[in-house]
Amino acid sequence: MDGSIESDLKVILETRKIPPELSITYSDLHGLWGGTKVTITGAGSSEIQERETYEPQLQTLKSTVEQEQLLALVKLIVDLKAWEQRTPERQPRPDESRSTFTINTGAHSSAIWEWFNDLEKDQRLIQIK
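Residues numbered from 1 in each chain as written. Predicted model: local features only at pLDDT ≥ 70, side-chain atom pairs only at ≥ 80, totals over all residues. Heavy atoms only, no water.

## A word on the packing of helix α1 (residues 5-15) against helix α2 (residues 67-80)
The contact between α1 and α2 brings their axes to 10 Å, and the two run at 140°. Classed by the angle they form, the pair α1 and α2 counts as oblique. Handedness of the crossing formed by α1 with α2: left-handed. Between α1 and α2, the contacting residues are Leu 9, Lys 10, Ile 12 and Leu 13 on the first element and Leu 71, Val 74, Lys 75, Ile 77 and Val 78 on the second. (Axes fitted to C-alpha atoms, helices over the stretch in contact; angles between N-to-C directions. Helix = DSSP H or I, 4+ residues; strand = E, 2+ residues; numbered from the N terminus. Parallel < 35°, antiparallel > 145°, perpendicular 65-115°, else oblique. Left-handed = near helix turned anticlockwise from the far one by under 90°. Contact = heavy atoms within 4.5 Å.)

## Re the nonpolar core
Residues Leu 9, Leu 22, Ile 24, Ile 77, Phe 101, Ile 103 and Ile 128 are the most contacted members of the largest nonpolar core, which totals 25 residues. Every element with two or more residues in this core is listed here: α1, β1 (23-27), β2 (35-41), α2, β5 (98-104) and α4 (125-128). Ranked by the residues each element gives to this core, the list is headed by α2, at seven residues. Apart from the residues lying within four places of it in its own chain, the contact partners of Ile 24 are Val 38, Thr 39, Ile 40, Leu 70, Leu 73, Ile 77, Phe 101, Thr 102 and Ile 103. (Core = buried A, V, L, I, M, F, W, Y, C linked by side-chain atoms within 4.5 Å. Buried < 20%, exposed > 50% of the residue type's maximum accessible area, 1.4 Å probe, protein only.)

## Some thoughts on the packing of aromatic side chains
Enumeration according to the criterion identifies one aromatic pair in this entry. Note on Trp 113 and Trp 115: the rings are 5.0 Å apart at their centroids and 75° apart in plane angle, and the pair reads as edge-to-face. One exposure class covers both Trp 113 and Trp 115, and it is buried. Geometry around Trp 113 places Arg 98 over its ring, the cationic atom sitting 3.6 Å from the centre. (Phe/Tyr/Trp six-rings, centres within 6.5 Å; stacked < 30°, edge-to-face > 60°. Lys NZ or Arg CZ within 6 Å of the ring centre and 35° of its normal.)

What follows is the structure, given as structure tokens:
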């Protein structure tokens with residue numbers, strides 16, 4: 001396999017060794033509508049930031065993630081090929097926002113997005129969230 005996000009993630013699954021520099025982030029935070037941002041690291045830390053519509057303050061919850069949970073998340077990312085951008089570029093509709101997903105393995109990184117209103121229909125990023 002060539003050096004890529006895909007190969008990095010498959011090595012994690014094969015060896016069951018999670019590099020501490022691994023970082024996985026999902027975000028649908030919007031300036032007006034609020035939303036959620038979740039960041040998980042290979043070291044086992046988790047941070048969830050949420051903001052309700054029109055609320056100025058972010059609520060933050062920090063916790064830990066067990067290795068088995070993190071391996072299950074990596075497997076889901078591999079199964080969904082979540083490093084592939086599948087949503088085509090177009091002008092946003094009024095009040096439409098994007099949900100973003102980034103992966104950084106230390107050696108490689110990837111960033112994709114989907115329209116927030118299409119999360120249920122697309123059934124990719126919503127599973128990761």
